[in-house]
Every structure is written in structure tokens, then in C-alpha cells.
Amino acid sequence: MSWGGIRKGAGRPKQVEIRKNKSIRVFDEEWEIIKPVINLIKKNNKIGRDLLNKNKEHKIMVKDAQFINLTDKDITIYGKNHTTITFPKSGTVAFVKQQDNILDEACVDGCLFDIGKRIYTEVGNVPKPEENIFYIVPVVVAQQLPERDDLLVASNAIKNENGEIVGFTSLNII
């Protein structure tokens, strides 16, 4: 019996590709979002490449794009470079018809009220997709048309000292 030294087949297998340590500074809440994505990419690097390629496609598409505001308010975006841009309302408002169906009644502390279910029935005033045109729409409209990546919603509201929304920091695809 030998002591110490190198033995054939012993030890950790050598990796063909060495993962280098990288560090980033994030808050705990951000890490909880990032960690599962990193683990997913480690298991299947193709997913990460697909995500990057999809983002590149959108950046190229947006470069010369036109934005049409189909909400009832002007939308102001506060840019990363301390500039703003306002997309004026177009005069056409995208909408979703809704119907509330009463399912039951409830009585709490002497207050009688209905319990219902809201059903969205029809989307209106949303043009057909066109190349390099994005439509800014209410959230409920974008939610009813999830297959459309040309519909954007104003996100990350900025409020003034009175709590009123004065703008947003991004436009997002739902």
C-alpha cells in the first residue's frame, strides 16, 4: 500500500473550459432575480445566447422606429442621459371592452356588496403591426395581445412631491 502521491483516476476531473470568477455588486433583491437566470444559462448556454440575440434584434428594430401613443395622456420618458422625450397622445385611444359578471353577494359588517368576475371581450383601436412602428398602449390592452411585440406600456413611474405621475423611465413589451 502506498501513501500519498499521484494515483491514476484520482482527484477532480480536469475541465476542458475553465470558468473564471467574475463579480458584480447587486442588492439582495436583485440577486434573487439574477441567480436563477445564471443557473439556467450554466445548464444551457444556448438560452443565454438566444436572450442576447433577441435583445440585439430589438435594439436594431428600435433604432429608426416610430412611436405612436394610443393612450389618453401624453407619455414623458426620463432618459438615462438626463434628457426627456414626450410622446403626445395621438387622439386615438386603444381600449378593451370589459364585462363584469356578478357571481355572488357578500355582507361584511352590515355592508352588502357584489362578488364578480371581470371578462375582457374585445380589443379596439389597435392598428395591425407595421415594421418599425411601436404603439404605446394601456397595460390591459397589451395583456390581451401578448403575441404582439410592437405594443409598449409605460413603466417605472416617476412621481412628483404630491404623488402625481409625471413620467416614466421605460417602455416595456408585456
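Cut-offs used in this document
- Position labels on residues start from 1 in each chain and follow its written sequence.
- With pLDDT at 70 or above as the cut-off, local features in this predicted model cover only qualifying residues; side-chain atom pairs require 80 or more to be listed or tallied, and sums for whole chains, interfaces and linings still use all residues.
- The basis for the side-chain values is all heavy atoms of the structure; hydrogens and waters are excluded.
- Each helix is a run of DSSP H or I of at least 4 residues and each strand a run of E of at least 2, with the numbering of both proceeding from the N terminus.
- Note on exposure labels: buried denotes an accessible area under 20% of the residue type's maximum, exposed denotes more than 50%, and partly exposed covers the range between, all computed with a 1.4 Å probe on protein chains only.
- Contact between two residues is taken to exist if any of their heavy atoms lie within 4.5 Å; hydrogens are not considered.
- With residues, only the protein chains shown are counted as cover, and all accessible areas are computed by Shrake-Rupley using a 1.4 Å probe.
- Any N or O atom pair separated by 3.5 Å or less is treated as a polar contact, with the protein-specific requirement of one donor-capable and one acceptor-capable atom, and with residues adjacent in sequence counted only for side-chain atom pairs.
- The disulfide criterion is simple: two cysteine sulfur atoms within 2.5 Å.
- Strand pairing is assigned whenever DSSP identifies at least 2 bridges connecting the two strands.

### Let's talk about the overall build of the protein
And then number 1: What the protein contains, in helices and strands, is 3 helices and 8 strands.
And then number 2: Helices (α) and strands (β) of the protein occur, in sequence order from the N terminus, as α-α-β-β-β-β-β-β-α-β-β.
And then number 3: Burial analysis of the protein (174 residues in total) assigns 18% to the buried set.
And then number 4: By sequence separation, contacts in the protein at least 24 residues apart represent 37% of the contacts at least 6 residues apart.
And then number 5: When the accessible surface of the protein is split by element, carbon and sulfur atoms take 53% of a total near 14600 Å².

### Concerning unusual backbone geometry
And then number 1: Non-glycine residue H82 carries a positive phi angle of around 65°.
And then number 2: Along the chain, H82 falls in the loop between β2 (75-78) and β3 (84-87).
And then number 3: Phi angles above zero are rare outside glycine, and N156 is one such case at about 60°.
And then number 4: Locating N156 in the fold gives a position in strand β7 (residues 151-159).

### Re the side chain of N69
And then number 1: Position of N69 among the secondary structure elements: in strand β1 (residues 66-69).
And then number 2: There is a polar contact of 2.8 Å between the side chain of N69 and the backbone oxygen of K73.
And then number 3: When sequence neighbours within four positions are dropped, the list of residues in contact with N69 reads D74, I75, F87, P88, K89, S90, T92 and I136.

### Topic: the state of the cysteines
And then number 1: As enumerated under the stated definition, the model contains 0 disulfides in all.
And then number 2: In this model C107 remains outside any disulfide bridge; the closest cysteine sulfur is found in C111, 7.3 Å from its own.

### So, the pairing of β2
And then number 1: Sheet analysis places β2 next to β3, joined by 4 bridges and oriented antiparallel. For I75, the partnering residue across the bridge sits in β3 and is F87.

### Considering the environment of I173
And then number 1: As for its position among the elements, I173 is in strand β8 (residues 165-173).
And then number 2: With relative accessibility at 37%, the residue I173 sits in the partly exposed group.
And then number 3: Sequence separation between I173 and E147 is 26 residues, and the spatial gap between their C-alpha atoms is 10.0 Å.

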